[in-house]
Amino acid sequence: MTTFEQTFEELPLAGVHDLAAARHAEGWRYVQILAVNTEEGIDLVYSYMKDGHLANFNVSGVKQTDVVPSITDLYLEAFVCENEIHDLFDVAISDIAIDFGGMFYQLAEKAPMTVVSPEQLAAREKAKKIAAAKAAKEAKAAAPAEAPTGPTEEEIQAKVAGLDPEKAAKVRAAMEAKAKKAAAAAPAPAGPTEEEIEAKIAGLDPEKAAKVRAAMEAKARKAAEGKGE
């Protein structure tokens, strides 16, 4: 009975052609190049097969500034996938043996597989906002505990109630001194962090986002000035 095995490995962009050359020399059959649009860029999955083993190699996060080497000098049939990936995902691929120059498909818009719908954009912005808020909450939880505050006026009044005037004055002076010392030691309230600002403006229109950012940055500056006093 024929057995089938499938494996997945990560592959650096620089190793694409070297891998193809090694697979070609060892008698592997080219299967496909799969492209997937991700938050980090375009993932390219190169698949080769031999003796029931399907080996998949993932090149993660290819950017528009990257140039992917063609493997058509080794596997001519790969020209179909390479032209398709160029046209649909706007991935630059160099030295394709049969290069359609961006005309493999007649498209209404450039790189349609990278177009994000309003629903997808909203979902991504929401995810970013949640992640930023979570990071801010974790950072706040990890921050050192605030210094204890001194006694309040109500606590002082309760303490001196019923004492003779001289003793009450001494107790009040001591408690007020303690309050001043605690106030001096307590850190000034911190302004919003960049993560908190990004979380706040995620999903807003540019004009409103700019106003909210300006207000939050002003608050951060005020908090920093208060801390430095």
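In this text the structure is predicted, and so the values were computed from the model without any measurement.

**Q** For this particular structure, what's the right way to read the overall build of the protein?
**A** Regarding its fold elements, the protein presents 7 helices and 6 strands. Secondary structure of the protein in N-to-C order comes out as β-α-β-β-β-β-α-β-α-α-α-α-α. Relative to its full complement of 229 residues, the protein shows a buried share of 28%. Partitioning the contacts of the protein with sequence separation of at least 6, the portion at a separation of at least 24 is 52%. A total accessible area of about 15200 Å² is found for the protein, and carbon and sulfur atoms account for 58% of it.

**Q** Where do I start with the pattern of salt bridges in this structure?
**A** If charged atoms from side chains of opposite charge come close, those side chains can pair. Within the structure shown, the criterion is met by 6 salt bridges. When the shortest N-O distance is used, the salt bridge between Lys110 and Asp90 registers 3.7 Å. Remark: Asp90 occurs in the loop between helix 2 (79-89) and strand 6 (92-94) and Lys110 occurs in the loop between strand 6 and helix 3 (118-142); sequence separation between them is 20 residues.

**Q** Would you explain the sheet that holds strand 1 (residues 5-10) in this entry?
**A** Remark on secondary structure: sheet strands pair via backbone hydrogen bonds, oriented parallel or antiparallel. Taking strand neighbours across the sheet as the criterion, the 4 strands line up as 1-4-3-2 in an open arrangement whose pairing is mixed. Each edge of the sheet is formed by a strand with only one pairing partner; in this case those strands are strand 1 and strand 2 (29-38). In this sheet, neighbouring strand axes are inclined to one another by 20° on average, regardless of whether the strands run parallel or antiparallel. Across 6 bridges, strand 1 lies against strand 4 (residues 53-62) in parallel orientation. Bridge pairing links Phe8 to Asn56 in strand 4. Contacts from helix 2 reach strand 2 and strand 3 (41-50), with the element oriented near 10° to strand 2.

**Q** In this structure, what is going on with the side chain of Asn83? I would like to understand it.
**A** Take Asn83: it is sitting in helix 2. Apart from residues no more than four positions distant in its own chain, Asn83 is found in contact with Ile96, Ile98, Asp99, Phe100, Gly101 and Phe104.

**Q** Even after reading the chapter, I still don't get the pairing of strand 4, so can you show me in this structure?
**A** On a regular strand, one side chain projects to one face of the sheet and the next to the other, so that they alternate. The buried fraction of strand 4 is high, at 9 of 10 residues. Examined bridge by bridge, strand 3 and strand 4 share 8 bridges and lie antiparallel to one another. Across the sheet, Tyr48 pairs through a bridge with Ala55, a residue of strand 4. Linking strand 3 to strand 4, which pair antiparallel, is a turn of 2 residues; within it Asp51 sits at a positive phi near 50°.

**Q** What am I meant to see in the packing of aromatic side chains here?
**A** Describing an aromatic ring pair means giving the distance of the ring centres and the angle of the ring planes. A complete count under the given rule lists 6 aromatic pairs for this structure. An aromatic cluster is built from Tyr30, Tyr48, Phe57 and Tyr75, whose rings are joined through pairwise contacts. A cation over an aromatic ring shows up here: Arg23 above the ring of Trp28, its NZ or CZ 4.3 Å from the ring centre.

**Q** How do you make sense of the nonpolar core when you look at a structure like this?
**A** A general tendency of soluble globular proteins is for nonpolar side chains to be buried together. Counting 28 residues, the largest nonpolar core has Leu44, Tyr46, Tyr48 and Ile71 as its most contacted members. Broken down by secondary-structure element, the contributors of at least two residues to this core are helix 1 (16-25), strand 2, strand 3, strand 4 and helix 2. With 5 residues, the top contributor of residues to this core is helix 2. Residues within four places of Ile71 in sequence aside, it is in contact with Val16, His17, Ala20, Tyr30, Ile33, Tyr46, Tyr48, Ala78 and Glu82. In terms of nonpolar packing, the next biggest core, distinct from the first, is built from 5 residues, Ile156, Val160, Ala168 and Met175 among them.

**Q** Can you walk me through the confidence of the model for the protein in this structure?
**A** For any part of a model where pLDDT is low, the fine detail of the predicted coordinates should not be relied upon. Counting all residues, the mean pLDDT for the protein is 84, and 87% of those residues have values of 70 or more. Within the protein, the element-level pLDDT minimum falls on helix 3, averaging 74, and the maximum on helix 1, averaging 98.

**Q** So what exactly am I meant to see when it comes to the environment of Ala14 here?
**A** Assignment of secondary structure puts Ala14 in the loop between strand 1 and helix 1. Between the C-alpha atoms of Ala14 and Pro69, which are 55 residues apart in sequence, the distance is 8.3 Å.

**Q** Help me out: how do you make sense of helix 6 (residues 194-201) in this one?
**A** Think of an α-helix as 3.6 residues a turn; residues three or four steps apart then line up on the same face. Regarding helix 6, the residues found buried are Ile197, Ala199 and Ile201. Downstream of helix 6 by a residue or two, Gly203 has a phi angle that is positive, lying close to 90°.

What counts, and at which threshold
Residues numbered from 1 in each chain as written. Predicted model: local features only at pLDDT ≥ 70, side-chain atom pairs only at ≥ 80, totals over all residues. Heavy atoms only, no water. Helix = DSSP H or I, 4+ residues; strand = E, 2+ residues; numbered from the N terminus. Buried < 20%, exposed > 50% of the residue type's maximum accessible area, 1.4 Å probe, protein only. Contact = heavy atoms within 4.5 Å. Areas by Shrake-Rupley, 256 points an atom, 1.4 Å probe, with all protein chains shown as cover. Salt bridge = Lys/Arg side-chain N within 4 Å of Asp/Glu carboxyl O. Pairing = 2+ DSSP bridges. Axes fitted to C-alpha atoms, helices over the stretch in contact; angles between N-to-C directions. Phe/Tyr/Trp six-rings, centres within 6.5 Å; stacked < 30°, edge-to-face > 60°. Lys NZ or Arg CZ within 6 Å of the ring centre and 35° of its normal. Core = buried A, V, L, I, M, F, W, Y, C linked by side-chain atoms within 4.5 Å. pLDDT = per-residue confidence, 0-100.

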